[in-house]
Structure formats: C-alpha cells, structure tokens
Amino acid sequence: MKKDAEQLPLRLSQLRAGTKATIHAHNEDSDFFITLMEMGCIPGEPVSIEMVAPMGDPLAIRIAGYYLSIRKRDAENIWVVLHP
C-alpha cells in the first residue's frame, strides 16, 4: 500500500484557502469538541477552506452544506486528510 504525503493527517489550521479535505479525527480533550460535532464537523465529512482572515484568524470553512467561521486555535484540534 502506497503512503502519499496527501494521506497523512494534517491540522485544519495548517490549510490554505481553496484547500479541500475530509475530517479524519478530533482532539477529544478540547472543550470545543462537542460543539464542533454538533455543527457537523464529524469524521468523514468533507470540508473546504473558503477564506482565511488577513492575520490568519479566523478561518471560514464550508462543511455540511453551510459556511462556518472557526477560530484558528479550535481548527488546530481538527485533523484532516487532503483530497487527492
């Protein structure tokens, strides 16, 4: 089985605008974990980075058919796999 760099999980906060990925996992020790799950940030869900604020915080993502603004520190707790 071939392991590409694209298949390694990355933090959502590391992605640039225009990047598409799939949620792989969460850091469950985050206080925001349940809220993220309720907003549709669940493993297996496609996500795309729509915009990044000029200073890098917050991020605007598209997930589950809607746009969501998320703080960079919360995006650091979401692990994603890039789309090929």
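Further up the page is the structure itself.
In what follows, the accompanying structure is described. Since we're looking at a predicted model, the values are computed, not measured.

Calculation notes
Residues numbered from 1 in each chain as written. Predicted model: local features only at pLDDT ≥ 70, side-chain atom pairs only at ≥ 80, totals over all residues. Heavy atoms only, no water. Pairing = 2+ DSSP bridges. Helix = DSSP H or I, 4+ residues; strand = E, 2+ residues; numbered from the N terminus. Core = buried A, V, L, I, M, F, W, Y, C linked by side-chain atoms within 4.5 Å. Buried < 20%, exposed > 50% of the residue type's maximum accessible area, 1.4 Å probe, protein only. Contact = heavy atoms within 4.5 Å. Phe/Tyr/Trp six-rings, centres within 6.5 Å; stacked < 30°, edge-to-face > 60°. Lys NZ or Arg CZ within 6 Å of the ring centre and 35° of its normal.

Turning to the pairing of strand 6 (residues 78-82), a few remarks are in order. One ladder, built from 2 bridges, connects strand 1 (residues 10-11) with strand 6; its direction is antiparallel. The residue bridging Leu-10 from the neighbouring strand is Val-80, located in strand 6. Taken together, the 5 bridges between strand 2 (residues 20-26) and strand 6 define a ladder with antiparallel strand orientation. Each bridged residue has a counterpart across the sheet, and for Thr-22 the counterpart in strand 6 is Val-81.

Before going further, it helps to examine the nonpolar core. Side chains of a nonpolar character, in soluble globular proteins, are inclined to be buried together. Formed by 16 residues in total, the largest nonpolar core has its most connected members in Leu-12, Val-47, Ile-61 and Val-80. At the level of elements, strand 2, strand 3 (46-52), strand 4 (59-63), strand 5 (66-70) and strand 6 are the ones that each hand at least two residues to this core. A per-element tally of this core places strand 4 first, with 3 residues. Not counting residues up to four positions away in its chain, the partners in contact with Ile-61 are Leu-12, Cys-41, Val-47, Ser-48, Ile-49, Glu-50, Tyr-66, Tyr-67, Leu-68 and Ile-70.

Backbone hydrogen bonds are what pair the strands of a sheet, in a parallel or an antiparallel way. Taken in spatial order, the 6 strands line up as 1-6-2-3-4-5 in an open sheet, and their pairing is antiparallel. Each having just a single partner strand, strand 1 and strand 5 make up the two edges of the open sheet. Note: strand 3 against strand 4, 5 bridges, orientation antiparallel. Following the sheet pairing, Met-51 is matched in strand 4 by Ala-60.

Under the criterion given, the structure shown has 0 aromatic pairs. In this arrangement the basic side chain of Arg-62 is found over the ring face of Tyr-67, its NZ or CZ atom lying 4.9 Å from the centre.

In this model, Asp-57 is joined to Pro-58 through a cis peptide bond whose omega is 5°. Tracing the chain through its elements places Pro-58 in the loop between strand 3 and strand 4. Positive phi values are uncommon outside glycine, yet Ala-64 reaches one of about 55°. Tracing the backbone through its elements, the reader meets Ala-64 in the loop between strand 4 and strand 5. Residue Ala-64 is classed as partly exposed on the basis of its relative accessible area, which comes to 45%.

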